[in-house]
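Here's the letter readout for the chains.
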Amino acid sequence: MNAHFSPDGTKMVFMGGNASGSFEWDIFLSSWNGTTWAPPVNLTGPNKKRDEDPKFSPDGQHIVFKRNGALQEMDLTGLITRANITSGTPEAGQPYYLPNGTDILYSSGTGSSASINVVHSNGTTQVLADFAGLEDYYPVAIDANSFYFTNVQSTAFDQICKGFTNASAPTPMF
């Protein structure tokens, strides 16, 4: 689940269960050979950890993902290139690179305390969107200045919002 394709369309990364049947998630990578997808390679396990929400960097050379509540970055062989990017942040997940390839959008917290944040390459973090008392999840970069995210409502419908990397007030789309 949570598949994401490389910018050139030749690779697919996703999270899935491992063959052991234990309840853990691993990150898998498959490549397109022009005709079919190659058998997936498990990049992160089995390791008895929850590896989730993988996303490719804009250059397609790195993958950011959540491991047991903190963001990590690895290369295409599974070698960790940046560990514990959000160490100490409550439940960081759903990462997505900004176009510069180093700053990472993510959701922090759970339930009504969830907010959309960015962690910069220098390690500083910033809250970009936080509707008080509502759940803010799944940021996706549009460009260097803006992103979309989901605002989970108490009604039957969630709301798509446009957020801004300068932390100005988000705009509900509809």
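Use the structure listed above.
Conventions used here
- Note on numbering: residues in each chain are counted from 1, in written sequence order.
- Since the coordinates come from a predicted model, pLDDT governs what is reported: local features require at least 70, and pairs of side-chain atoms require 80 or more to be given and counted, while whole-chain, interface and lining totals use all residues.
- Values shown for side chains rest on all heavy atoms present in the structure; no hydrogens or waters enter the calculation.
- When a carboxyl oxygen of Asp or Glu is within 4 Å of a side-chain nitrogen of Lys or Arg, the pair counts as a salt bridge.
- A run of H or I in DSSP becomes a helix once it reaches four residues, and a run of E becomes a strand once it reaches two; helices and strands are each numbered from the N terminus.
- Here's how the labels work: a residue is buried when its accessible area is under 20% of the maximum for its type, exposed when over 50%, partly exposed in between, all with a 1.4 Å probe on protein chains only.
- Paired strands, as defined in this entry, are two strands with at least two bridges between them according to DSSP.
- Each aromatic pair joins two rings of Phe, Tyr and Trp (for Trp, the six-membered one) with centres within 6.5 Å, and gets the label stacked for planes under 30 degrees apart, edge-to-face for over 60, and tilted for any other angle.

**What to know about the pattern of salt bridges**
Tallied over the full model, the rule gives five salt bridges. Residue Glu-52 is joined to Lys-66 by a salt bridge in which the shortest nitrogen-to-oxygen separation is 3.8 Å. With Glu-52 in strand S5 (residues 51-56) and Lys-66 in strand S6 (residues 62-67), this residue pair connects regions lying 14 residues apart in the sequence. Residue classification places Glu-52 among the buried residues on the basis of a relative accessible area of 10%. The exposure class of Lys-66 is buried, given its relative accessible area of 10%. With a closest N to O distance of 2.3 Å, Glu-91 and Lys-66 form a salt bridge. A residue pair is termed long-range when its members are at least 10 positions apart, and Glu-91 in the loop between strand S8 (80-82) and strand S9 (92-97) and Lys-66 in strand S6 qualify at 25 residues.

**A few points about the pairing of strand S13 (residues 135-141)**
Every regular strand shows the same layout, with side chains that alternate between the two sheet faces. Note that S13 and strand S14 (residues 146-152) share five bridges and pair antiparallel. Within the sheet, the bridge partner assigned to Glu-135 lies in S14 and is Val-152. Between the end of S13 and the start of S14, which pair antiparallel, lie four residues.

**Here's the deal with the packing of aromatic side chains**
Taken as a whole and assessed by the stated rule, the structure comprises six aromatic pairs. A ring pair is formed by Phe-5 and Trp-37, whose centres lie 5.9 Å apart and whose planes are at 55°; its orientation type is tilted. Taken together, the positions of Phe-5 in strand S1 (residues 4-5) and Trp-37 in the loop between strand S3 (25-31) and strand S4 (41-42) put the pair 32 residues apart, joining distant regions of the chain. Three or more aromatic residues joined by ring pairs form one cluster here, namely Phe-5, Trp-32 and Trp-37.

No statement about biological role is implied by the geometric values presented.
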